Each structure stands twice: as structure tokens, then as C-alpha cells.
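Residues per chain are reported as follows:
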Amino acid sequence: TLDGENENDFRFQVDYVYPFSENGKLETGMMSRIEKEEESLDFRDYDQASDTWIPNEQYSSFTDFRRDIHAVYTTYTNKLGNFSYMAGLRGEYTLRKIDNTNTEGTSELKRFDLFPTAHISYPLGDNNEFMTSFSRRINRPGGWDLDPSPNYFNRYTIRFGNPDLKPEYTNSYELGYMRRFGRSYVSLDAFHRVTNNKIDRYSVLGDDGVYFLYTDNFDKDYA
């Protein structure tokens, strides 16, 4: 097999910060990321009679991958008495297109997501501090998981990507306590995380004894 890859990645970003008081500031910005990738898999069989490598179209493929991410975001930070707090919101539009010569049609993903964040801290005396936070995060599948072209680990193991994979979304809740001792400190943290569209791998054993490895979205994962 001969692998070829051509990739272009562009990122445009602008940020603005406005400190309106000693403890308060407003941050905002926008970002665009444009990814374009072409991958070719040239599978050839050796013909001993002619001493040449003959292309095998059945196992060869070409993948055209495009992903555009456009986001706007803002964060507000301030202090109310002893309470320090931060609140943020990020809006993100994703366009993803995947064309592969071994699949029918174009695999396309278009979606708009919101990602809120919040953080609160409260000091109790000079040496104790309590903190709590919430955030929503995204984990996008990489090209390895999205490429539908077969990957031959050996004669008994073949792996396939899934171009229809959706991103993972994790809601994270955290609670913390910190105790200072001079220049040192001890912290205690608790968290609860729920991941939707969990990306995981599974295997299927064929009648011929070959393992086929696949990737898919499952329901939820708790931590």
C-alpha cells in the first residue's frame, strides 16, 4: 500500500479585552478554522510473472475531507463582595464534508452548538477557599476515526473508520476546596461528568475468522 496525504489548515482569530474595573473585565472574540485534507490509498498486488506491481482498485481509495469551524465567544469576570465569578458563552457552527470513492454519496455534518461555562470562588479567611464550576465541552473525532478506508493491521484484523461519527459532548460539574499553609497548599476536588454521543470502538468476528474493527457513537458515559 502507498499512502498519500495533502493537508491545508487555516486559522483566523481576533480577540478583544476590556478591563472596566480593578477586578472586572469583558473578553470577546471570534475564530474561524478551515481544514482541507486529501488522502489516497494505493493498494497494489505483486505479479511475479511480469515482475510488476498491479493496482488493485477494489482496495484502493481516495478521501476528500473538509471541516470548517466558526465560533464567537465572550467571557465576563468580576467580583461581588468576597465572591469571584466568571461566566462565559461560546457559539460554534461546524460544517463537515467527507467524500470517499468506496462509499456512496457525501457524508455531511452541519450543526450549531452552545458551550456555557461558569466559575465561582469564595475565600473563607486567609487560608481557605471554596470553588465550584460548570462547563460544556466538545471532543471531535479525528481523521483516523472518520476515514472509511480499510486499514489492514494483518491478515486477520481489518479496521474501518466511520464518516458519520458525531462529536462527543461532556457536561462537567466540579467542586473544590483549597487550604493554604504558607507557600504550600492542599486541595480536595470532586467532579461529575456526563458524556453524550460517546465515541468507542467495537469488533465483529467474521465467519472466516477475520476481526473487523469499527467505531461508533454510543449513548452516555459517566465519570
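See above for the structure.
Calculation notes
- Residues numbered from 1 in each chain as written.
- Predicted model: local features only at pLDDT ≥ 70, side-chain atom pairs only at ≥ 80, totals over all residues.
- Heavy atoms only, no water.
- Helix = DSSP H or I, 4+ residues; strand = E, 2+ residues; numbered from the N terminus.
- Rg over C-alpha atoms; globule rule 2.2 N^0.38 Å.
- Buried < 20%, exposed > 50% of the residue type's maximum accessible area, 1.4 Å probe, protein only.
- Contact = heavy atoms within 4.5 Å.
- Areas by Shrake-Rupley, 256 points an atom, 1.4 Å probe, with all protein chains shown as cover.
- 1 Å grid on protein atoms, 1.4 Å probe; cavity = no way out; pocket = protein on both sides within 12 Å on 5 of 7 lines; lining within 4 Å.
- Points joined across faces, edges and corners; volume = space filled by probe spheres on them.
- Nonpolar A, V, L, I, M, F, W, Y, C, P; charged D, E, K, R; others polar.
- Pairing = 2+ DSSP bridges.
- Axes fitted to C-alpha atoms, helices over the stretch in contact; angles between N-to-C directions.

Student: Describe the overall build of the protein, naming the residues involved and giving the relevant values.
Tutor: Check the secondary structure of the protein and you find 1 helix and 15 strands. A compact globule built from 223 residues should have a C-alpha radius of gyration of about 17 Å, whereas the protein, at 25 Å, is more than 25% larger. Projected onto its principal axes, the C-alpha coordinates of the protein cover approximately 85 × 40 × 35 Å. A buried classification covers 28% of the 223 residues belonging to the protein. When contacts within the protein are restricted to residue pairs at least 6 apart in sequence, long-range pairs at least 24 apart make up 56% of them. Counting only carbon and sulfur atoms, one obtains 52% of the accessible surface of the protein, whose full area is about 14600 Å².

Student: Could you give an account of empty space enclosed by the protein, with specific residues and numbers?
Tutor: Applying the stated rule across the entire model yields 2 cavities of 30 Å³ or more. For the largest cavity, the calculated volume is near 80 Å³. E37, E39, T63, F65, I98, G143, L146 and D147 together form the lining of the largest cavity. Tallied by class, the residues present in the lining of the largest cavity amount to 3 nonpolar, 2 polar and 3 charged. There is about 50 Å³ of room inside the second largest cavity.

Student: So what's going on with the sheet that holds strand β9 (residues 151–154)? Residues and values would help.
Tutor: Pairing within the open sheet is mixed, and its 4 strands lie in the order β9-β10-β14-β13. Each edge of the sheet is formed by a strand with only one pairing partner; in this case those strands are β9 and β13 (199–205). When the angles between neighbouring strand axes are averaged without regard to direction, this sheet yields 25 degrees. Here β9 runs beside strand β10 (residues 157–159); their pairing, made up of 3 bridges, is antiparallel. What sits directly across from Y152, in β10, is I158.

Student: Any details on the pairing of strand β7 (residues 107–124)? Residues and values, ideally.
Tutor: Bridging between strand β6 (residues 83–100) and β7 involves 15 bridges; their strand directions are antiparallel. Bridge pairing in β7 places Y93 opposite F112. One ladder, built from 8 bridges, connects β7 with strand β8 (residues 128–139); its direction is antiparallel. Opposite I120, over in β8, you have T132 as the bridge partner.

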